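# Per-entry structural report
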Amino acid sequence: MAEQAYTVASDGETVEDDRGSSVYPEIAIGIDIGTFQSSVAVWNGSQVDILKNTKNQKMWRSYVTFKDEIPSSGVTNQISDEFEIFSGSAIFNMKRLIGRADTDPVVHSSKTTLPFLVQTLNIGTRPFLAALVNNVWKSTTPEEVLAVFLVDLRVIAELQLKRAVRNVVLTVPVSFSRFQLTRIERACAMAGLFVLRLMPEPTAVALLYGQHQQQTVHDNMGSGSENIAIIFNMGAGYCDVCVSATAGGVSQIKALSGSHIGGEDIVQNIMHHLLPNMDSLFLSHGNNEMKAMGLLRVAAQDAVIKLSSQDIVMIDVDLENGLRICKVLGRPEFEEVNRKVFEKCESLVEQCLFAARVDVEDISDVILVGGCSNIPKVKSLVLELCKKDEAYMGMDPLEAVVCGAALEGAVASGVSDPLGSLDLLTIQATPQSLGIEADGHTFVPIIPRNMTMPARKEMWFTTTRDNQTEALIVVYEGEGKKVDENRILGYFKIMGIPSAPKGIPEISVCMDLDASNVLRVFAGAVSPQTHQPVMPFLEVRMPTVDDGHGWCAETLVKMYGSALDLSILQKKMQQ
Amino acid sequence: MSKQFLSYIKYQIIMVVSLHYSFNGSKQQLSCVQSLSNSHRRLKANVNISCRATKLAEEKTEKASFYKALSLEPNNNVTVQEIKTAYRRKALENHPDICHPSRRKESTRLFVELNKAYETLGNPVLRKEYDYQLGLVSKFERPTCQGTTDSGLSRERWEDQLYELRRRSDNRMSGRGSSVNRFRCRHE
């Protein structure tokens with residue numbers, strides 16, 4: 001992802017000028033784009049500074065309003081009241097919608113709970129998104145909205161830092177697909193930003209934890225014992241878990257898990273709980289419905305926040321047109337309504353601990369970050385699973401991710417600190433398995449999940465038919481056993497396989513994942529007699545298909561059936 | 001594997017890459033050639049399987065490179081802690097994230113090799129087997145390393161197998177779950 005695929009040249013001149021005048025290389029800023037709110041931080045030469053907007057806020061609401069000809073974002077826009085955001089002219093939750101097809105359940109649940117237009121035709125293409133401007137629905141896309149937001153964010157950062165800002169480190173959820181990462185990069189490019197690194201959110205926290213550890217234990221590298229930390233990050237849109245082993249400033253990511261559950265689901269559940277026939281009521285997206293939805297959303301959001309500090313909350317909201325909701329909501333009821341969300345959190349923690357092969361007794365610290373880590377139930381369930389009484393106290397739960405991103409920005413820009421507080425490294429692990437289709441419709445992972453990055457791995461395959469001379473390599477990402485449970489990233493055909501009975505030809509498929517998370521697949525047939533390539537190997541950078549092209553897989557099956565299928569070469573596997 | 005063949009393949013690959021280059025606009029020539037020679041190395045290892053003597057000789061130097069990759073003396077007395085520390089120190093030297101961009105390709109290769117070494121040396125079972133292959137320990141003695149007795153070793157192996165089984169069953173379960181989800185979302 002470091003390749004300059006989408007750089008925008010418009011402001012290249014100014015960057016050069018600034019570089020000339022400053023002694024240091026341009027330090028990349030860290031950006032944490034949240035579903036609900038975002039923040040920016042930068043290494044100032046001795047520590048991390050979180051930037052403030054004109055309203056002196058560190059956290060900026062992630063939304064864009066399309067009121068007039070020029071859209072304005074939550075970074076600079078002075079919103080007088082919350083309801084303005086919910087009037088139909090504002091688009092938010094970009095992070096939840098970006099890079100998803102219209103068959104995605106996350107997109108579906110947004111249709112009746114977000115006060116702007118999300119249209120789905122259920123055919124696996126990109127959903128249609130629109131904001132209400134002067135009583136007309138104007139179409140837009142999540143990455144366009146994100147780009148507008150990033151432009152404003154960049155302006156504020158440049159004003160404060162008094163220099164051009166170009167290089168950024170962005171944090172992303174663990175569960176983001178390669179398509180979603182591509183979309184984020186595209187949005188950055190549209191905003192004139194160059195993505196130096198996209199790092200999973202909890203790994204940014206791991207980096208910050210590494211710095212903390214190094215400051216407390218002066219014993220550099222040597223016998224400084226290894227600290228196992230579990231990082232649980234739950235914001236409005238996503239929940240991520242990570243287990244890291246830290247010593248001497250080096251944090252090794254042992255395992256990652258993540259899902260698209262978060263505060264947004266909790267708010268949506270409360271909305272449904274308060275108004276059970278909401279879906280049918282709000283489907284028409286009329287002006288009145290939009291207003292009612294906005295009112296209900298604000299009430300639900302308030303209730304969720306209040307229930308973090310009090311046991312009971314009184315909800316009294318007039319949705320107009322004869323609809324009024326009066327309800328007392330207690331914490332047990334709240335927890336019951338959101339039972340599935342909390343169960344999912346539990347399973348993510350369990351899955352991560354299991355994959356890291358760590359005993360809970362070995363965990364030194366439980367780090368809880370993100371807005372939802374304030375919810376008492378979330379806190380208690382994580383601590384209980386990790387058999388700890390208290391969470392790690394040294395970090396601000398809302399600022400940890402962006403601070404980690406800023407540290408990575410400094411490290412990746414080649415800045416070194418005389419005091420050694422930047423002698424840090426996070427050794428990343430793969431958040432998802434990568435593999436190809438073989439043995440029928442089975443997904444065969446070549447680079448498994450939680451493998452140390454950069455990674456390179458080779459596997460051997462063979463033909464499934466006699467005298468088969470061509471084979472289709474179809475690359476997928478995901479954890480499903482069958483390929484149709486995973487995301488197709490691309491495909492290509494290898495040709496010139498020597499004619500032989502099935503199972504004899506040897507086909508090598510090698511996957512290469514570099515430190516920038518760029519995936520290359522390298523494949524070709526090898527002569528079983530001479531062990532030499534029969535044809536030049538093919539190297540393909542993935543993904544080759546775009547998001548919303550999941551139908552490619554079905555079309556391939558329709559066209560070729562199983563004529564070009566592969567199966568695992570067993571005898572090579574045993575070696 | 002003859003040199004002639006190697007250069008032939010390099011030529012072939014450069015042809016493919018230049019085609020790819022004009023198509024994609026990316027500049028991957030070097031890495032591609034490098035990948036190919038890597039795959040050659042592996043191929044070479046395969047050829048040698050038929051010839052046991054050569055293989056063993058080669059293995060010895062090749063496998064000693066696991067210790068070498070971590071800058072450690074090939075010795076079964078090296079502690080787990082020392083291996084971990086060495087891994088971290090080498091990671092700080094060679095990780096492509098913190099190396100100068102001009103060294104990126106090389107450091108990526110070095111780091112992948114470092115990981116391979118650490119995967120083996122960091123795992124008590126794999127390390128034992130490989131120390132034996134190196135002739136650092138004799139199979140009959142099986143000296144205890146890090147307090148790992150024979151029973152500890154077999155327990156480790158048993159745990160490994162258990163882990164694998166559980167992982168597979170988990171995969172199946174989650175596979176089932178997601179197919180249900182798919183079904184649901186398609187019919188919504």
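In every chain, residue numbers begin from 1 and rise along the written sequence. By the order in which they are written, chains take letters starting at A while ligands take numbers starting at 1. Per-residue local features of the predicted model are confined to residues with pLDDT of at least 70, and side-chain atom pairs are confined, for both listing and counting, to 80 or more; whole-chain, interface and lining totals are unaffected and use all residues. Hydrogen atoms and water are omitted, and side-chain values are computed over all heavy atoms in the structure.

## Describing the overall build of chain B
The numbering of helices and of strands both runs from the N terminus, where a helix is a DSSP run of H or I of at least 4 residues and a strand a run of E of at least 2. Each helix and strand in chain B was counted, giving 7 helices and 0 strands. Going from the N terminus to the C terminus, chain B shows its helices and strands as α-α-α-α-α-α-α. Here the term buried applies to any residue with accessible area under 20% of the maximum for its type, exposed to any over 50%, and partly exposed to those in between, with areas from a 1.4 Å probe on protein chains only. Taking all 188 residues of chain B together, the buried fraction comes to 32%. Taking as baseline every contact in chain B between residues at least 6 positions apart, the subset at least 24 positions apart corresponds to 49%. When the accessible surface of chain B is split by element, carbon and sulfur atoms take 55% of a total near 11,900 Å². Whether two residues are in contact is decided by their heavy atoms, any of which lying within 4.5 Å being enough. All accessible-area figures derive from a Shrake-Rupley calculation using a 1.4 Å probe, and residue coverage is judged against the displayed protein chains alone.

## So, the nonpolar core
Residues and elements named next belong to chain A. Judged by nonpolar contacts, the single largest core of 81 residues is most densely connected at Ile 31, Leu 150 and Ile 367. At 9 residues, helix 5 (residues 142-161) tops the list of elements feeding residues into this core. If we ignore the near neighbours within four places in the chain, the residues touching Leu 150 are Ile 31, Ile 33, Ala 187, Cys 188, Ala 191 and Leu 193. Counting 55 residues, the second-largest nonpolar core is a separate cluster that includes Ala 255, Met 293, Phe 342 and Cys 345. Nine residue types can take part in a nonpolar core, namely buried Ala, Val, Leu, Ile, Met, Phe, Trp, Tyr and Cys, and a core is a set of them joined through side-chain atoms within 4.5 Å.

## Structural notes on the confidence of the model for chain A
Residue and element names in this part refer to chain A. One number per residue, pLDDT, summarises how confident the predictor is, and it ranges from 0 to 100. Of the residues in chain A, 92% have a pLDDT of 70 or more, and the chain-wide mean is 88. The model gives residues 1-23 a pLDDT under 50, and that stretch makes 37 contacts with residues more than four places away or in other chains. Scored below 50 in pLDDT, residues 219-223 shows 8 contacts in the model against residues more than four places distant or in partner chains.

## Section: the pairing of strand 26 (residues 519-526) of chain A
Residue and element names in this part refer to chain A. Within strand 26, 8 of the 8 residues are buried, leaving the element largely enclosed by the surrounding structure. By the alternation rule, side chains of strand 26 split into Leu 519, Val 521, Ala 523 and Ala 525 and Arg 520, Phe 522, Gly 524 and Val 526, which are all buried. Two strands pair under a simple rule: DSSP has to find at least two bridges between them. With 8 bridges joining them, strand 25 (residues 506-513) and strand 26 adopt antiparallel strand pairing. Looking across to strand 26, one finds that Cys 510 is bridged to Phe 522. Adjacent in sequence and paired antiparallel, strand 25 and strand 26 are bridged by 5 residues, among which Asn 517 carries a positive phi angle near 70°.

## A few points about the environment of Ser 508 of chain A
All names here are of chain A. Within the fold, Ser 508 resides in strand 25. Ser 508 sits in the buried class, given a relative accessible area of 1%. Put simply, Ser 508 and Phe 537 are 29 residues apart on the chain and 9.1 Å apart in space, counted from C-alpha to C-alpha. For Ser 508, the contacting residues outside a window of four places in its chain are Glu 458, Met 459, Trp 460, Phe 522, Ala 523, Gly 524 and Phe 537. We define a polar contact as two N or O atoms separated by no more than 3.5 Å, with the added condition that, inside protein, one atom must be a possible hydrogen donor and the other a possible acceptor, whereas residues neighbouring each other in sequence contribute only through side-chain atom pairs. One polar contact links Ser 508 to Glu 458, side chain to side chain, over a distance of 2.7 Å.

## Here we look at the sheet that holds strand 8 (residues 117-119) of chain A
All names here are of chain A. The antiparallel open sheet is built from 3 strands, whose spatial order is 8-9-10. Where the open sheet ends on each side, the last strands, each with one partner, are strand 8 and strand 10 (136-140). Put simply, the sheet's adjacent strands are angled 35° from each other on average, direction ignored. Judged from the 5 bridges that link them, strand 9 (residues 128-133) and strand 10 form a sheet pairing that is antiparallel. Counterpart to Leu 132 in the pairing with strand 10 is Trp 137. What counts as an axis is a line fitted to C-alpha atoms, over the stretch in contact for a helix, and the angles between N-to-C directions run from 0 to 180 degrees.

## A short note on the packing of aromatic side chains
Residues and elements named next belong to chain B. Two rings belonging to Phe, Tyr or Trp (six-membered ring only in the last case) form a pair when the distance between their centres is within 6.5 Å. Interplanar angles under 30 degrees mark stacking, angles over 60 mark edge-to-face geometry, and anything in between is tilted. This structure, assessed with the given rule, holds 8 aromatic pairs over all chains. Taking the centre distance of 3.8 Å and the plane angle of 5° together, the rings of Tyr 87 and Tyr 118 count as stacked. Of the two residues, Tyr 87 is situated in helix 4 (residues 80-94) and Tyr 118 in helix 5 (residues 104-121); the sequence distance between them amounts to 31 residues. With respect to burial, Tyr 87 and Tyr 118 carry one shared label: buried. Linked through ring pairs, Phe 66, Tyr 67 and Tyr 130 together constitute an aromatic cluster.

## Overview of the pairing of strand 17 (residues 323-330) of chain A
Residues and elements named next belong to chain A. In this structure, strand 16 (residues 312-320) lies alongside strand 17, joined through 8 bridges in antiparallel fashion. Residue pairing for strand 17: Asp 318 is matched across the bridge by Arg 324. Count of turn residues in the strand 16/strand 17 antiparallel hairpin: 2 residues, of which Asn 321 carries a positive phi of about 50°.

## A word on the pattern of salt bridges
Between side chains of opposite charge, a pair can form when the charged atoms approach closely. All names here are of chain A. Salt-bridge detection follows one rule: a side-chain nitrogen of Lys or Arg within 4 Å of a carboxyl oxygen of Asp or Glu. On inspection of all chains with the given rule, the structure shows 31 salt bridges over all chains. One salt bridge connects Arg 520 with Glu 539, and the closest N-O pair in it is separated by 4.0 Å. Taken together, the positions of Arg 520 in strand 26 and Glu 539 in strand 27 (residues 538-542) put the pair 19 residues apart, joining distant regions of the chain. Grouping residues by exposure puts Arg 520 and Glu 539 together as buried. Salt bridges sharing partners connect three or more residues here, namely Arg 126, Glu 143, Arg 183 and Asp 546.

## Remarks on unusual backbone geometry
Here the bond from Met 453 of chain A into Pro 454 of chain A is cis, since omega is -10°, no more than 30 degrees from zero. Looking at where Pro 454 of chain A falls in the secondary structure, it is placed in the loop between strand 21 (442-447) and strand 22 (455-463). With omega at -5°, the peptide bond leading from Met 542 of chain A into Pro 543 of chain A counts as cis. Here Pro 543 of chain A shows up in the loop between strand 27 and helix 15 (551-560). With phi around 65°, Asn 135 of chain A is a residue other than glycine that occupies positive phi space. Secondary-structure assignment places Asn 135 of chain A in the loop between strand 9 and strand 10. Positive phi outside glycine occurs at Ser 71 of chain B, with the angle close to 55°. On the accessibility criterion, Ser 71 of chain B (43% relative accessible area) is partly exposed.

## Side note on the packing of helix 5 of chain A against helix 6 (residues 178-190) of chain A
Residue and element names in this part refer to chain A. Contact geometry of helix 5 with helix 6 gives a least axis separation of 8 Å together with a crossing angle of 45°. By the criterion of interaxial angle, the relationship of helix 5 to helix 6 is oblique. The interaxial crossing formed by helix 5 with helix 6 has right-handed handedness. Every residue of helix 6 that contacts helix 5 at Glu 143, Glu 144, Leu 146, Ala 147 and Leu 150 is listed here: Arg 183, Ile 184, Ala 187, Cys 188 and Met 190. Angle categories are assigned with fixed cut-offs, so that under 35 degrees is roughly parallel, over 145 is roughly antiparallel, 65 to 115 is roughly perpendicular, and the rest are oblique. Note: crossing handedness is left-handed where the near helix turns anticlockwise from the far helix by less than a right angle, and right-handed where it turns clockwise.

## Focus: the side chain of Asp 97 of chain B
Residue position: Asp 97 of chain B is located in the loop between helix 4 and helix 5. Judged by its relative accessible area of 9%, Asp 97 of chain B falls in the buried class. What Asp 97 of chain B contacts, discounting residues up to four positions off in sequence, is Arg 197, Glu 408, Ala 412, Leu 425, Thr 426 and Ala 515 of chain A.

## As for the packing of helix 5 of chain B against helix 6 (residues 124-134) of chain B
Residues and elements named next belong to chain B. For the pair helix 5 and helix 6, the least separation of the axes is 6 Å and the interaxial angle reads 95°. Here helix 5 lies roughly perpendicular to helix 6, going by the angle between them. Of the residues in helix 6, those in contact with Glu 119, Thr 120 and Leu 121 of helix 5 are Leu 126, Arg 127 and Tyr 130. Each residue is assigned to one class: nonpolar for Ala, Val, Leu, Ile, Met, Phe, Trp, Tyr, Cys and Pro, charged for Asp, Glu, Lys and Arg, and polar for all the others, Gly among them. Residue composition of the contact of helix 5 with helix 6, by class: 3 nonpolar, 1 polar and 2 charged.

## A word on helix 7 (residues 201-216) of chain A
Expected helix span is taken as 1.5 Å per residue step, with the number of steps being one fewer than the number of residues. If you check helix 7 of chain A, its first and last C-alpha atoms are 23 Å apart, about what 16 residues at 1.5 Å a residue would give, namely 22 Å. In terms of burial, helix 7 of chain A is a largely internal element, 14 of the 16 residues being buried.

## With respect to the sheet that holds strand 13 (residues 227-234) of chain A
Across a sheet, strands are paired by hydrogen bonds formed along the backbone, either parallel or antiparallel in direction. Residues and elements named next belong to chain A. Reading across the sheet, the 5 strands line up as 18-13-14-15-19 and stay open at both edges, with mixed pairing between neighbours. The strands lining the two open edges of the sheet, one partner per strand, are strand 18 (363-369) and strand 19 (425-427). Neighbour-to-neighbour, the strand axes of this sheet turn through a mean angle of 25°, independent of strand direction. Two strands pair when backbone bridges link them, and strand 13 and strand 14 (residues 239-247) are joined in this way by 8 bridges, in the antiparallel orientation. Considered in strand 14, the bridge of Ala 229 is made with Ser 244. Sitting on the sheet, helix 12 (residues 339-356) touches strand 13, strand 14, strand 15 (250-259) and strand 18, and the angle it makes with strand 15 is about 145°.

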